[in-house]
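Read off the chains here:
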Amino acid sequence: MIGKITSDVASKIKNTDWQKIKHSLNPIATNSHLEGAFSSTGDSLLIRKISKLEQEGNFDKIKSISSKLYERMLKMDEEFKKLPPVLFARKYYRGIMGKNNEGVQILQKANTGDIVTPDSGYAFITKSKDVADSYARYLDNSAGGENVFMEIKIPRGARISRNPFHLREAVMPRNAKFEVLDKQEQEGLTKVILKYIPSK
């Protein structure tokens, strides 16, 4: 009998839709996730290029590159505004490297108090300090040894896309702005503390 009960329980556990249960218990986390934001990484270079052209008002060039992608970007921008705000201030991290990386160039030139936009796309951030540090320290010949580690303060009320299946990951809105709170050179890294400035 005990063996049968154990087998039945094991079968129920195996067949349980745990994701559905997670969603019902944590609707805020579920509704805080934009699938498009997490799937946009493959288009990240094009998204950044289109964002720059948008800032320049060069919409003809955008049309020649991908009107469909630009429409998707605009839709995602609007979806970010509909996300539920975070209930508490949060701390995330991000690591970037490479002398040709625009974010690296911007942050290495920035001073405390500056308002910066280190990424014109949808930037991935993580709650894992170790993961961000590993990205910042990754080197190859093309990287040129330029490394930046960011500590990012997300204020209460901000809207970011949090993945309910990987709760340590999030994505920032496009063209996110930050205030530089502190900047130091430590252990071969440019370490920057940033505070996110939500758009109004």
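Up top is the structure these notes are about.
Figured I'd write up the structure that's included with this text. (Residues numbered from 1 in each chain as written. Predicted model: local features only at pLDDT ≥ 70, side-chain atom pairs only at ≥ 80, totals over all residues. Heavy atoms only, no water.)

Considering the overall build of the protein chain
Quick reminder of the rule: Only DSSP runs of H or I covering at least 4 residues are called helices, and only runs of E covering at least 2 are called strands; the numbering of each starts at the N terminus. Throughout this description, buried means an accessible area under 20% of the type-specific maximum (1.4 Å probe, protein chains only), exposed means over 50%, and partly exposed covers the range between. Every accessible area reported is derived by Shrake-Rupley at a probe size of 1.4 Å, with residue values counting cover from the shown protein chains alone.
Counting its regular elements, the protein chain contains eight helices and eight strands. Counting across all 200 residues of the protein chain, residues that qualify as buried make up 36%. Summing over all exposed atoms, the protein chain offers an accessible surface of approximately 12100 Å²; the carbon and sulfur share of this is 54%.

Observations concerning the pattern of salt bridges
For clarity, the cut-off: Salt-bridge detection follows one rule: a side-chain nitrogen of Lys or Arg within 4 Å of a carboxyl oxygen of Asp or Glu.
Enumeration over the complete set of coordinates arrives at nine salt bridges. Taking the shortest distance from any N to any O, the salt bridge between E78 and K81 comes out at 3.1 Å. Of this pair, E78 and K81 both sit in helix 6 (residues 59–82), three residues apart, roughly one helical turn. We classify E78 as partly exposed; its relative accessible area is 40%. Since its relative accessible area comes to 53%, K81 is described here as exposed. As a salt-bridge pair, E151 and K153 come within 3.3 Å of each other at their nearest N and O atoms. Here K153 falls in the partly exposed class, since its relative accessible area comes to 31%. Look at the salt bridges and you will find they share partners, linking R48, R94 and D119 into a network.

Quick notes on the environment of S44
As for its placement among the helices and strands, S44 is situated in helix 5 (residues 44–56). By relative accessible area, which is 22% here, S44 ends up partly exposed. Residues S44 and G121, spaced 77 residues apart in sequence, show a C-alpha to C-alpha distance of 6.5 Å.

Section: the side chain of N147
Heads up, the condition is: In protein, a polar contact means a hydrogen-donor-capable atom and an acceptor-capable atom, both N or O and within 3.5 Å, with residues adjacent in sequence counting only if both atoms are side-chain atoms; elsewhere, any N or O pair within 3.5 Å suffices.
Residue position: N147 is located in strand 4 (residues 147–154). With relative accessibility at 7%, the residue N147 sits in the buried group. Side-chain polar atoms of N147 contact the backbone oxygen of A136, separated by 2.5 Å.

Spatial relationships are all this shows, so hold off on functional conclusions.
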